[in-house]
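Here are the chains, one letter per residue:
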Amino acid sequence: MYMPDQTFVVVQNLTKTYPAATVPVLQKVSFEVHQGEICSIIGRSGAGKSTLLRCLNALESFDSGSIQIGAAHLDQASEKERRAILKEIGTVFQTFNLLSRRTVLENILLPAEWSGIPKDKAIKKAVFLSEKVGLGDKMSAYPSSLSGGQRQRIAIARALITDTKLLLCDEFTSALDPETSLEILSLLRQLNRELGVTVVLVTHDMSVVREVSDHVIVMEKGEIVEKGKVEEILLQPRHEVTHTLVRGLFIKQLPNDILKRLVPGSFPGHVLIQLVFSGSSARQPVIANLIRQYDVPVTILAGSLDHLKETSLGVLTISIPNELAKVAQTLDHFKVHQVAAEILGYLPESIC
Ligand SMILES: Nc1ncnc2c1ncn2[C@@H]1O[C@H](COP(=O)(O)OP(=O)(O)O)[C@@H](O)[C@H]1O
Ligand SMILES: [Mg+2]
């Protein structure tokens, strides 16, 4: 269960430079993850996301800073304490890393064997988990006879066998098709809720973030540049990197003739603005008031319903004349009414 007042992972000023590298891969990285939440770390390729995740499960060392997981400090722990902490951490990767000569159940059992959990207890747990991940009827099957989605389900069950409290996932849906990806994300959410496991996942895919995250951390060049609740990050991105990553997530295809004429720089003519209405803003006549108060001639180009987790969103693309004062008034109006507004581009001549 997501417990907003209890932190489970506390990372402070984590800094690391790879041997022979000229710049640090992690620079004073600090963040907290609450007990029972799903926290996503996003960023462009090379930002340091995987390195950070590998520091959390001690596959990687770091130069300075601290990592606290539960009550234990990873950097101050004795070897015995360290093993106990690491037993409570499971990791799932993009490649499933299953043993082909072992059955589904035997694969799930592997970490239990390594950490010396009594066999009968481990088998009971493995059966329970294989049912939980939807492979109850495949326990004796071999990975080669299963689909990518089913293999990732085995990997998830395997990561949870040692009474795991923290699940780390690195691009774990990247090898799957979009539909299977959604099924795996929904499974992750279900396991997170039912078992109370805290999840930190790394991805470059915004649709993953939007499906499951409670909080989002944005990384760029080894630093955290933005962090917040998923709604804030996706609907009101502040940093340029976040903007770039999030752009397109809610964009519904505009007619081709408009897309072809759209230019990025400000241009006399029309400006196209994408609006995302959510919560109370969806129930107010924000557009009607804009027309009435500021006399802005609004053309509606496209509209649809979308979702962010369980919340419905209205997504609307409008065009208005590109006149400096009117555009400023319009953007201000949307800001006041908490409608996320983003300029998509400019149309050099009238489209009406
Ligand atoms: N084992 C390593 N040794 C040296 N450099 C590495 C190693 N792993 C990653 N790097 C470098 O560190 C930077 C961050 O990599 P990584 O953590 O994999 O980023 P991300 O997961 O965000 O793509 C990259 O420039 C990468 O080339
Ligand atoms: Mg990576």
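Residues numbered from 1 in each chain as written. Chains lettered and ligands numbered in written order. Predicted model: local features only at pLDDT ≥ 70, side-chain atom pairs only at ≥ 80, totals over all residues. Heavy atoms only, no water.

A. Quick look at the site of ligand 1. The environment of ligand 1 is made up of Tyr-18, Val-25, Arg-44, Ser-45, Gly-46, Ala-47, Gly-48, Lys-49, Ser-50, Thr-51 and Arg-54. One of the side-chain nitrogen or oxygen atoms of Ser-50 is found 2.8 Å away from an oxygen atom of ligand 1. For ligand 1, whose free accessible area comes to 560 Å², the fraction covered by protein is 55%. Broken down by class, the residue content of the shell around ligand 1 amounts to three nonpolar, five polar and three charged. (Near = heavy atom within 4 Å. Polar contact = N/O pair within 3.5 Å; in protein donor to acceptor, adjacent residues only side chain to side chain. Areas by Shrake-Rupley, 256 points an atom, 1.4 Å probe, with all protein chains shown as cover. Nonpolar A, V, L, I, M, F, W, Y, C, P; charged D, E, K, R; others polar.)

B. Inspection of the layout of surface pockets at higher detail. There is about 690 Å³ of room inside the largest pocket. Forming the walls of the largest pocket are 23 residues, and the residues nearest its centre are Leu-86, Ile-89, Gly-90, Pro-111 and Trp-114. For the lining of the largest pocket, the secondary-structure elements that each account for two or more residues are helix H2 (79–87), strand S6 (89–92), helix H3 (104–114) and helix H5 (148–160). Grouping the constituent residues of the lining of the largest pocket by class yields 13 nonpolar, seven polar and three charged. Empty space within the second largest pocket amounts to approximately 420 Å³. (1 Å grid on protein atoms, 1.4 Å probe; cavity = no way out; pocket = protein on both sides within 12 Å on 5 of 7 lines; lining within 4 Å. Points joined across faces, edges and corners; volume = space filled by probe spheres on them. Helix = DSSP H or I, 4+ residues; strand = E, 2+ residues; numbered from the N terminus.)

C. Focus on the sheet that holds strand S14 (residues 340–347). If you trace the four strands from one edge of the open sheet to the other, you get S12-S13-S11-S14, paired in antiparallel fashion. The open sheet terminates on both sides in strands that have one partner only, identified here as strand S12 (299–308) and S14. Here the average twist between neighbouring strands, direction ignored, is 20°. Here strand S11 (residues 270–277) runs beside S14; their pairing, made up of seven bridges, is antiparallel. Among the inter-strand pairings, Val-276 is bridged to a residue of S14, identified as Ala-340. Here helix H12 (residues 324–336) sits on the sheet in contact with S11, strand S13 (311–321) and S14, set at roughly 170° to S13. (Pairing = 2+ DSSP bridges. Axes fitted to C-alpha atoms, helices over the stretch in contact; angles between N-to-C directions. Contact = heavy atoms within 4.5 Å.)

D. Representation of the pairing of strand S10 (residues 223–229). Examined bridge by bridge, strand S9 (residues 215–220) and S10 share six bridges and lie antiparallel to one another. In the sheet register, Ile-217 faces S10, and the bridge partner there is Lys-227. Two successive antiparallel strands, S9 and S10, enclose a turn made up of two residues, where Lys-221 displays a positive phi of approximately 45°.

E. How the structure looks around the packing of helix H11 (residues 286–294) against H12. The N-to-C vectors of H11 and H12 enclose an angle of 140°; their axes lie 11 Å apart at closest approach. Classified by the interaxial angle, the pair formed by H11 and H12 is oblique. Considering the relative orientation of H11 and H12, their crossing is right-handed. Counted together, Val-286, Ile-287, Asn-289, Leu-290, Gln-293 and Tyr-294 of H11 and Lys-326, Gln-329, Thr-330, His-333 and Phe-334 of H12 form the full contact between these two elements. Taken together, the residues of the contact of H11 with H12 break down into five nonpolar, five polar and one charged. (Parallel < 35°, antiparallel > 145°, perpendicular 65-115°, else oblique. Left-handed = near helix turned anticlockwise from the far one by under 90°.)

F. Representation of unusual backbone geometry in the model. Of note, Ala-58 is a non-glycine position whose phi angle comes to about 65°, a positive value. Structurally, Ala-58 is set in the loop between helix H1 (49–56) and strand S4 (64–69). Ala-58 sits in the partly exposed class, given a relative accessible area of 21%. (Buried < 20%, exposed > 50% of the residue type's maximum accessible area, 1.4 Å probe, protein only.)

G. Local environment of H5. Relative to the 18 Å expected for 13 residues at 1.5 Å per residue, H5 spans 19 Å between its end C-alpha atoms, a close match to the ideal helical length. A large share of H5 lies buried, amounting to ten of its 13 residues. Among the residues making up H5, those that are buried are Gly-149, Gln-152, Arg-153, Ile-154, Ala-155, Ile-156, Ala-157, Arg-158, Ala-159 and Leu-160. Looking at the buried positions of H5, the neighbouring elements they touch are S6, H3, helix H4 (119–132), strand S7 (166–170) and helix H6 (178–195). (Expected span 1.5 Å × (residues − 1).)

H. Region of the structure containing the environment of Glu-179. Along the chain, Glu-179 falls in helix H6. When the C-alpha atoms of Glu-179 and Leu-305 are compared, they prove to be 19 Å apart, with 126 residues separating the residues in sequence.

I. Region of the structure containing the nonpolar core. Among the nonpolar cores identified, the biggest contains 39 residues, and Leu-167, Phe-172 and Leu-201 are the most heavily contacted of them. Of all elements in the fold, only H3, H4, H5, S7, H6, strand S8 (198–203) and helix H7 (206–212) reach the threshold of two or more residues within this core. With six residues, the single largest contributor to this core is H5. Not counting residues up to four positions away in its chain, the partners in contact with Leu-167 are Gly-90, Val-92, Ala-159, Leu-160, Leu-188, Val-197, Thr-198, Val-199 and Val-200. (Core = buried A, V, L, I, M, F, W, Y, C linked by side-chain atoms within 4.5 Å.)

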